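# Notes for the structure review
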Amino acid sequence: MRALLSRHDWEGSPLGHPDSWPPELATAVKMALNSSFPMFVAWGPDLRFLYNDAYARIMGAKHPGALGQPFRQVWPEIWPDLLPIIDRALSDKSAFHEDLPLTVVRQGYPEQGYFTFSYSPLHDGSGSVAGMYCTAIETTDRVQAERLAALELKLSDALRPLSMPADVLATASALLGEELGLTRALYAEVDDEAGTFASPREWSGAGMARLSRESFAIDDFGTELVEVLRAGETLVINDSATDPRTAAFPEPYAEENIRAVLTVPLVRDGRLVAFLSLNRAEPYRWSESDVRFTRETAERTWAALDTARVQAELRAERDRSRYLFDTIGEGFAVIDSNWTIREMNAEGLRIVRLDAGQVIGRNHWEVFPELEGSEAGLMLRRTMTDRVAGAVEHRFVPVGGRSGWAEIRAFPMQDGGIANFFRDITDRKLAEEKLKDADQRKDEFLAMLAHELRNPLAPISAAAQLLDIGSLNETRVRQSSAIIGRQVRHMTRLVDDLLDVSRVTRGLIELDKTTLDLRAIVDEAAEQVRPQLMARRQRLTLHLPAGPLAVVGDRARLVQVLSNLLGNAVKYSPEDRAIDVHAGTDDGMLVLSVLDEGIGMERELTERAFDLFTQAKRSSDRSQGGLGLGLALVRNLVELHGGTVTCASPGPGQGSTFTVRLPLAMPVASAQPFLPAGRRAARGLKIMVVDDNVDAAGMLAMLLEVSGHTVLVEHEPLRALAQAPQARPDVFLLDIGLPDMDGIELARRLRAQPETAHSVLIAVSGYGQEQDRRQALAAGFSDHLVKPVDFDALAGLLAGIHRKAPADATVLAHRGTDVRPAGC
C-alpha cells in the first residue's frame, strides 16, 4: 500500500497529493500503514478511502480500485447498514461493534460476512471532525463455525426422535433452509441408470415457487455434473450463468430460479442414489465452511434416514444401513440399557485401537474402565438415565507413549440404550495448546518489558532527585551522572533490540555486505563485552587460526551476533569462570563457537532457545534481566547471511555452546582492525539546538556548555529560522520531529540562507532506520544521530568540525555518517 500510495495519480482527487495532506490525515494514514491489523481512514466530505495492506485482503477484488474513492462507492452494498454508525463517528462519538453481520460483494458475488470493528472520529487542525478511522477484524470463519456447530447440535436434537423417513427429510430441509437463508433446500433420489432425479421433499423460502416438475434429467442442468456427483465429489456452483459446466444450459436454471448450487451426493456401491442440494436465487460464493457443514449435515441426515428406516423395516434393511456407519469419518457405537456394547463401526475400532472381539458384547465399563468417574463417563451416564443428549472433550490414556483427545457425543435411543459418536481431535487440541502457549509467552514478555523498563527508571529518578537537592559535592554529582548514563544506555539497548526484532520479522533489514576478516569481527565484539567481563572477573579466551578467515557480510550485524552470544555467556555464567571462542572451517563453512561454564539448560529449552521471548525459567527477582530477544535476533541475522546457529548443553549447571556456521569467502587482503572509540575534546563552537522537547534541549545545551561551547536553544523551528541569520551558528543540532515545520524542511531553508548555508547541520532524531538516515543526508545534514544521543560520538563530531576550515564546511556536510549509541 505504501508503494501504491506513492504511485497513485492524486491529480484531480479532493485529497490532493499526500505531501499536501493535513498533518492529522498524514499521521492517521501513517499509523494505519504501520499497523498489522486491518485499518482504513476515511477523510473529507465524501469520506475518501485510504487503507493498509491488511485491510486490502478484506476488500478482495475491490482492491486496488478503492484507493481514494468515496466510502459510499467502495461499499455500496452495505452503505445503508453502516450509515448510522458512520454518522455517530462524524458526530464525534466512537462506535464499536462485535460480529456485525454484513452481506458484502468483494469477489463478484454477495457473501455473508461478520466483522468486529470500531469507528473513531478524526479531527483536523481546528478541532473539527474531518473524517474517521477504523480498526477491523473479519470474524466470518469463527462466527460461521459457531453458528454451524450450534445448528449441527440443533439438527441432531431435531432428528433424534423422528422415526419416519419423510419427517426426517422435511425437518432437515427446513432447518437448513431457514438457518442458512436459502431459497431452496431439497433431498433428491436418483435413478442412476436413467440419469434422472426426483425430489420427494423440498423446502422453499418465502415467495419462492416449488420445482416446476416432479422429475428432471440431470443432463438438463449440465452434461458434466453427473460424473462429478457419481465420483462422490461435492458440486459447488457459485453462479450458474458463468460456471463453464452450466453456462451452456441457462433454461432450466432460469425456469427454476437457481443461480448458486451446493450439492452433496450419496454414492453407494459405485452408484449415485441421492443428493442433498442447497439453492440460491442470486450468485453466491460458497465458503469452505458451507461445504464442510453441508457434507456433515448430509451425512447426519442420511444417517437419520437410515436409522428411521431401520426402525420400520426388516432385519435385512437394518443390515444394509451398516454400510453408512462403516463409511462415516467418526467412531460410532450402540450401547444397550445394560451398558453392553452391541455395535461399533470400523472407524470406532480404529480410534480405540481394539478389534471387534474385544468390544462387541462386552460391558462398556469393563472395556473402558478409565472413563469411570471422568467427565466423559458422567456425561454417558446422564444420557442413559436422563435421556438427554450430551457432548464432551476427553483426554484419553496414552497409547504407545502418545496421549490424545477425543470428542464424545451421546444420544438416547428409543430402545433405552444410547448411540455414541466419537472422533479423534488430538491435532486440533495440540493447535489450541500451541496458541495458548504463544499467548502465555506474549503475556510473560509484556510483563518482562514492563519490569525491564521500570528498573532503570528507579535509579534515574533517584539520581535526578538527588541532583535537585543542590548541595552535593563533585563526587556525588559524578556518581549520579554515571548512574543516569548507565541506565539510559541500558534502556537504549532494550529499545534497539525491540526495533531490530521488528525490522527483522518484517524483512526490513538491509545488509551492507563487504568481505570481512573474522578477527576484526571477534575483536570488536570482545571489546563491547569487556566491561561486563571485568565486572564479573570472567576470562575470555580467543582460539583463532593464524591465517585470515573471510566471510561476506554486514560488519555491524555480525559484530552484533557475536556480542549478543558473548553477552549471553557473561550474563548466565557465575563470576570467575571462563568463556572461550573457537573458530575454524568445515566443508566450506566458517564455524564459530562460544563456550561458557554457565548455568546450562534443559534439552527442552535448547530446542526453542532461538524463539522470540524465550528465556530460562523466570524468577520474581529477574536478576539476569533481558527480554528474550537476543537469541532470536542472532538466528535471524545469521540466516540473513546464509548461515545457521545452534545451541547445545549437557544439562543444567554444565554450561552451553552456541555454534554459528557462515559461508566462507575469499580472504581479504588486509582486515581493518577495530579501534575502540574514546571522547575527543573540542574547542568552543557556536551551536544552536532546536528541539521542541524543552528538557531534552536544555540538558543537551548544558552538556555542550560544560564542554566549552556557546549554545543557543530554540523550541520552535520558525523562531530558529528567524534567529539564525543574526546568530550565524557554526553548528545546528536539529530535532526531526518538530511542530509546524519538521527538521528536514528546516534544514533545507537553512541551507538556502546565505548566512547559514555553510553551517554544519546534524540531525538528532528518534527515527533511526536507514531510510530516515538517507532522507536526512539528502536534505543537507552532515550527520544523523539517534536519540538518546551518545555524547562521546557527538563530541567526536564537534572536534572534527572545529578542525575544518570554513571553506571545507560544504564538503563535510555531505560525508554522510550515521552515528548510533554503543550497542545499536
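## Examining empty space enclosed by the protein
Under the counting rule described, the total for this entry stands at four cavities of 30 Å³ or more. One number sums up the size of the largest cavity: a volume of about 250 Å³. Along the wall of the largest cavity there are 17 residues; nearest its centre are Phe197, Phe221, Val261, Phe275 and Ser277. Looking at the lining of the largest cavity, the elements with two or more residues in it are α8 (225–230), β9 (235–237), β10 (260–268) and β11 (271–280). Sorting elements by how many residues they give to the lining of the largest cavity places β11 first, with three residues. Here the lining of the largest cavity is composed, by residue class, of 13 nonpolar, three polar and one charged. Here the second largest cavity defines a volume of roughly 140 Å³. Along the wall of the second largest cavity there are 14 residues; nearest its centre are Tyr55, Ile78, Leu102, Phe115 and Tyr119. Sorting the residues of the lining of the second largest cavity by element identifies α3 (53–59), β3 (95–105), β4 (110–123) and β5 (129–138) as the ones contributing at least two each. With three residues, β4 is the largest single contributor of residues to the lining of the second largest cavity.

## Side note on unusual backbone geometry
A cis geometry characterises the amide bond from histidine 63 onward to proline 64, with omega recorded as 5°. Counting through the fold element by element, proline 64 comes out in the loop between α3 and α4 (71–74). The residue aspartate 269 is not glycine, and still its phi comes out positive at about 55°. Here aspartate 269 is to be found in the loop between β10 and β11. On the accessibility criterion, aspartate 269 (70% relative accessible area) is exposed. Unlike most non-glycine residues, arginine 353 shows phi in positive territory, near 60°. Assignment of secondary structure puts arginine 353 in the loop between α12 (346–352) and α13 (356–359). Judged by relative accessible area, which is 52%, arginine 353 ranks as exposed.

## Overview of the pairing of β3
Here β3 pairs with β4 via nine bridges, running antiparallel. Residue pairing for β4: leucine 100 is matched across the bridge by phenylalanine 115. Count of turn residues in the β3/β4 antiparallel hairpin: four residues, of which glycine 108 carries a positive phi of about 95°.

## Details of the packing of helix α19 (residues 555–571) against helix α21 (residues 630–640)
Closest axis-to-axis distance for the α19/α21 pair is 9 Å, and the angle between their directions is 145°. Handedness of the crossing formed by α19 with α21: left-handed. Along the contact surface, α19 presents Arg557, Gln560, Val561, Asn564, Leu565 and Asn568, while α21 presents Gly630, Leu631, Leu633, Val634, Leu637 and Val638. Of the residues belonging to the contact of α19 with α21, the class tally is seven nonpolar, four polar and one charged.

## Comments concerning the side chain of aspartate 596
With respect to the secondary-structure elements, aspartate 596 resides in strand β21 (residues 589–596). Salt bridges are absent for the buried aspartate 596, whose nearest opposite-charge side chain, arginine 577, sits at 8.1 Å. Among the polar contacts made by the side chain of aspartate 596, one reaches the main-chain amide nitrogen of glycine 598 at a distance of 2.9 Å. With near-sequence residues (within four places) excluded, aspartate 596 lies in contact with Ala569, Ser573, Ala578, Ile579, Gly655 and Ser656.

Conventions and cut-offs
- Residues numbered from 1 in each chain as written.
- Predicted model: local features only at pLDDT ≥ 70, side-chain atom pairs only at ≥ 80, totals over all residues.
- Heavy atoms only, no water.
- 1 Å grid on protein atoms, 1.4 Å probe; cavity = no way out; pocket = protein on both sides within 12 Å on 5 of 7 lines; lining within 4 Å.
- Points joined across faces, edges and corners; volume = space filled by probe spheres on them.
- Helix = DSSP H or I, 4+ residues; strand = E, 2+ residues; numbered from the N terminus.
- Nonpolar A, V, L, I, M, F, W, Y, C, P; charged D, E, K, R; others polar.
- Buried < 20%, exposed > 50% of the residue type's maximum accessible area, 1.4 Å probe, protein only.
- Pairing = 2+ DSSP bridges.
- Axes fitted to C-alpha atoms, helices over the stretch in contact; angles between N-to-C directions.
- Left-handed = near helix turned anticlockwise from the far one by under 90°.
- Contact = heavy atoms within 4.5 Å.
- Lys, Arg positive; Asp, Glu negative; His and termini not counted.
- Salt bridge = Lys/Arg side-chain N within 4 Å of Asp/Glu carboxyl O.
- Polar contact = N/O pair within 3.5 Å; in protein donor to acceptor, adjacent residues only side chain to side chain.

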